[in-house]
Amino acid sequence: MLYNMSGRLDTAHRKMDTQSHGDAQRHLGNGHASLASPLKLFGQAKKRINEIFQDIKAYSHETEAFLTGISADASVVTPEEVTKVKAVRDKVSGIGEVLARNHMKVAFFGRTSNGKSTVINAMLRNKILPSGIGHTTNCFLQVEGTEGTEAYMLTDDSMEPKNVQSVRELASALSSVKLSEDSLLRIVWPKEKCNLLKDDVVLVDSPGIDVSPNLDAWIDKFCLDADVFVLVANSESTLMQTEKNFFLKVNDKLSKPNVFILNNRWDASVSEPEMMEEVKKQHLERNVAFLVDELKVVNRQEAEDRVFFVSARETLISRTHQETGTPTPTGSLQEGYQARLFEFADFERKFEECISKSAVQTKFEQHTERGKTISSQLKAVMDAVYDRTIHCKDERSTKKSETSSRLDFVESQLNLLINEIKDKIRSMVEDVENKVTRALNEEIRRLFLLVDEFDRPFHPDSNLVAVYKKELHVYVEEGLGRNLQAKCSEVVLRGMESAEKEMTERITPLLPDDTRQQVLNCLPRRDFEIAYRLDCRNLCADFREDIEFRFSYGITSLMRRFLGPRNAHAPLRGYADYNPRPMTPQTPVREAVPAPVVDENEVMLTVLSTFSSRSTIGVIVVGGLVTKAVGVRIIAVVGALYASLYIYERLAWTNKARERAFKRQYVDYATRKLKLIVDLTSSNCSHQVQQELSSTFARLCQNVDSAKTDLEEELKQLTKETAKLDEVASKAKLLRNKAGFLDMELDSFVTQYLKHTT
């Protein structure tokens, strides 16, 4: 019986007069009257942080796809940045997987038979774990929740679900089947059967810490991710050094672990009520000293809230019968059990508050910091990409403006140059034509000198004359061409070279540097020569020489001399062949032309020749008249002189005389023919110059056109690149702002959950 209980619980116990009132108190002690569980905070925080990291994951994938899409442009994004984003993506995926399976973990440790399994069963409101007298739990047992309706068990060596009843055979130290002490059996229990498991709480039971020396291995394997440790002590004995040593090792590996101390089996104090308060005070002082002075995990006030005096057996009995709605067997609950039930419920409440806060801190704080680091890294990458993109865009825009201005300048200058160069070429062509015309006319006037210099053996034979004539054609053509080149070509070529140089100097500023140097190396051309195509052979093909002896005072010669070559033959042939042109009405009336004055000698000779052509009688008559008029002597003297002159000329008609006559005739004929082609030759020469200058200018313009085409293509490419860079900048800015938004989301999470729990 309990007589000296102090405080609020003592007073409450003395007021429990009826059984119904006791049932109500037991109901409260079983934890059903508490407000909403603090464990909900962890669930809310887990849901929120998962949502944030899902956004971060999607953002990292979007960023990677964006950078991979533009990675070809090394001026905007570097391979290191792409590699960094891929690493961040993998890291985010790993964090997401960890967060998806994160839960609140509480580990129960203590010496053998201190009731660790019973405490867990009481918290689960069901006898799930094996418990009993002596060393019961032989390995680590982990109880976790599942959304399914069937319970099952998993072992270390197999993921195949096993019947949950097998846990008593595998985990019990009394079983013939022995597992190693560091083995783990996972008991998966339906969440609908236990509210504690609904909030992602995992409970880990352990063998007694006094049965194995492998404490360090236990800590490394099962304790490093625990949020709360519960030291289940036996209130019938004091806190043992074995228990202290274990938690001192835990404290070395974890920074200030959350430790609760449950002094179990406090129902044994009912047998010694007079010593209850003193024993409780002793246990409390030693427990607080251990937490404060040795572990140094909390202060003294907080330590008193971490020490509880409970009876797990009574709590389990009360809760299991309450769950089933059956009455509690008489004698199973000791006197004053209500206080112990309240104490256990108080432990659960504070445990839930502690583990919720601790789990949010331990599970999510680090991930939150990593999330902020990741968002900062991605934001930094996007900042760098955005800045480089803007810089490249500005460069492209500036270059585009310069290229456009350059293109406009080239087009305007080229149009201006085309008109100027055309005028220049036209003026030079006219000048060349005039020069060639003057030079060729002068050479035609000097043709007799050139022909006279022709020195080849001459023979009157027709075949040899033909060869002589052919060679003379070649000599005259070459001589005229040589003289024209000497007088015109040098001047014309200098003018052309000057014109080509001027064209080149005015065109090259419109060309890019590499093309400009090529043009300077190949222009102007030096192999141009003017071809003076006279073609004397064809020109004088109709030339017919007359190198037969002609007495200079013969009748025919006299007729030729006085009447001309054309009119000399008519009188000699007589008028019988003369047919006067008939007068027709269509003939226009012309002004009268005065009759030419005819010399008397010419008339007489004409008459004589007319008579001589009639008949021999006419000759005799004429001879008689002449003899009668002048006398025989005079006629004889004149005849002798005439004959002497004939003989002299006949003897003087040598090959040399024939050659001189040939050359004289050739000069007269060639002069007439050459005069006919003066305009044609000068036009031909000027045309050659025009073609050469136009060809040179066309080649230069072709280079300019090629440069214009390059500028137009460059302008199109710059326009395309500017538009692409504009899109990249907009996307980079959007992704940068997303990183800022995610950072704000993480800050909001810190404010709502992490700072709230501190």
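Note that the structure is predicted; figures quoted are calculated from it, not measured. (Residues numbered from 1 in each chain as written. Predicted model: local features only at pLDDT ≥ 70, side-chain atom pairs only at ≥ 80, totals over all residues. Heavy atoms only, no water.)

**Q** How should I be thinking about the packing of aromatic side chains in this particular structure?
**A** For any pair of aromatic rings, the description consists of the separation of the ring centres together with the inter-plane angle of the planes. Evaluated as defined, the whole model comprises 24 aromatic pairs. Taking 5.5 Å as the distance between ring centres and 75° as the angle between the ring planes, the aromatic pair formed by Y468 and F662 counts as edge-to-face. Note that Y468 is positioned in helix α15 (residues 462-507) and F662 in helix α23 (residues 655-676), a separation of 194 residues in sequence. Here the two residues Y468 and F662 agree in accessibility, since each one is buried. Of the aromatic side chains, those joined through ring pairs into one cluster are F454, F458, Y468, Y475, F543, F662, Y666 and Y669. (Phe/Tyr/Trp six-rings, centres within 6.5 Å; stacked < 30°, edge-to-face > 60°. Helix = DSSP H or I, 4+ residues; strand = E, 2+ residues; numbered from the N terminus. Buried < 20%, exposed > 50% of the residue type's maximum accessible area, 1.4 Å probe, protein only.)

**Q** Looking at this structure, I do not really get the side chain of K105. What am I missing?
**A** By secondary structure assignment, the location of K105 is in strand β1 (residues 104-109). Not counting residues up to four positions away in its chain, the partners in contact with K105 are V202, V204, F222, D225, A226, D227, V228 and I355. (Contact = heavy atoms within 4.5 Å.)

**Q** Got a minute to help me understand helix α10 (residues 276-295) in this structure?
**A** Side chains of residues three or four places apart in an α-helix project in the same direction, reflecting 3.6 residues per turn. For α10, which comprises 20 residues, the first-to-last C-alpha distance of 27 Å matches the rise-based estimate of 28 Å (1.5 Å per residue) to within 8%. Along α10, the largest kink reaches about 25° and is centred on A289. M276, H283, N287, V288, F290, L291, V292 and L295 are the residues of α10 that are buried. In the segment just after α10, K296 is the residue with positive phi, at about 55°. (Expected span 1.5 Å × (residues − 1). Bend = angle between axes of the 7 residues up to and from the residue.)

**Q** When you look at the packing of α15 against α23 in this model, what are you seeing that I'm missing?
**A** When two helices pack together, you describe them by how their axes are tilted relative to each other and by the distance separating the axes. Where α15 contacts α23, the two axes come as close as 12 Å, and the packing angle between them is 50°. The angle between the axes of α15 and α23 places the two elements in the oblique class. Two packed elements cross with a definite hand, and for α15 against α23 that hand is right-handed. Residues V465, Y468, K469, L472, H473, V476 and L480 of α15 lie in contact with α23, whose contacting residues are E659, F662, K663, Y666 and L674. When the residues that make up the contact of α15 with α23 are grouped by side-chain class, the tally is 8 nonpolar, 1 polar and 3 charged. (Axes fitted to C-alpha atoms, helices over the stretch in contact; angles between N-to-C directions. Parallel < 35°, antiparallel > 145°, perpendicular 65-115°, else oblique. Left-handed = near helix turned anticlockwise from the far one by under 90°. Nonpolar A, V, L, I, M, F, W, Y, C, P; charged D, E, K, R; others polar.)

**Q** Is there a simple way to explain a negative patch on the surface in this structure?
**A** On the surface, a cluster of negative charge is contributed by D514, D710, E712 and E713. For the negative patch, the element with the highest residue contribution is helix α24 (residues 678-757), accounting for 3 residues. By the element assignment, D710 lies in helix α24. (Patch = residues over 30% accessible without salt bridge, like charges linked within 9 Å, V, L, I, M, F, W, Y side chains within 5 Å. Areas by Shrake-Rupley, 256 points an atom, 1.4 Å probe, with all protein chains shown as cover. Salt bridge = Lys/Arg side-chain N within 4 Å of Asp/Glu carboxyl O. Lys, Arg positive; Asp, Glu negative; His and termini not counted. Charge placed at Lys NZ, Arg CZ, Asp CG, Glu CD.)

**Q** What should I look at first to understand a nonpolar patch on the surface in this one?
**A** Residues V626, V630, I634, I635 and V638 make up a contiguous nonpolar surface patch of roughly 370 Å² in combined accessible area. Broken down by secondary-structure element, the contributors of at least two residues to the nonpolar patch are α21 (616-630) and α22 (632-652). Here V630 is to be found in helix α21. Residue classification places V630 among the partly exposed positions, given a relative accessible area of 40%.

**Q** Help me out: how do you make sense of the environment of A439 in this one?
**A** Residue placement: A439 occurs in helix α13 (residues 337-445). Residue class for A439 comes out buried when judged on its relative accessible area of 6%. Sequence separation of A439 and S682 is 243 residues, and the distance between their C-alpha atoms is 9.5 Å. For A439, the contacting residues outside a window of four places in its chain are L484, K487 and C488.

**Q** Please clarify how the confidence of the model for the chain should be interpreted in this entry.
**A** Note that predicted coordinates carrying low pLDDT should not be read in detail. For the chain, per-residue confidence averages 80 on the pLDDT scale, and residues scoring 70 or more make up 83% of the total. Mean pLDDT across the secondary structure elements of the chain bottoms out at helix α1 (residues 7-14), with 38, and peaks at strand β9 (residues 307-309), with 95. In this model, residues 1-26 is a region of pLDDT below 50 whose contacts with residues beyond four sequence positions or in other chains number 35 contacts. Contacts of residues 575-601 to residues separated by more than four positions or lying in other chains number 3 contacts, the stretch itself having pLDDT below 50. (pLDDT = per-residue confidence, 0-100.)

**Q** Whenever I open this one, the pairing of strand β3 (residues 152-155) confuses me. Can you help?
**A** When a strand is regular, its side chains alternate between the sheet's two faces. As defined by bridge partners, β3 adjoins strand β5 (residues 184-190) across 3 bridges and the pair is classed as antiparallel. Across the sheet, Y152 pairs through a bridge with V188, a residue of β5. Bridge count between β3 and strand β4 (residues 158-162): 2 bridges; the pairing is antiparallel. Residue pairing across strands places T155 opposite S158, the latter belonging to β4. Linking β3 to β4, which pair antiparallel, is a turn of 2 residues. (Pairing = 2+ DSSP bridges.)

**Q** What am I meant to see in the pairing of β5 here?
**A** Extensive coverage of β5 is indicated by the burial of 6 of its 7 residues. Taken together, the 7 bridges between strand β2 (residues 140-146) and β5 define a ladder with parallel strand orientation. Bridging from a neighbouring strand, V143 pairs with I187 of β5.

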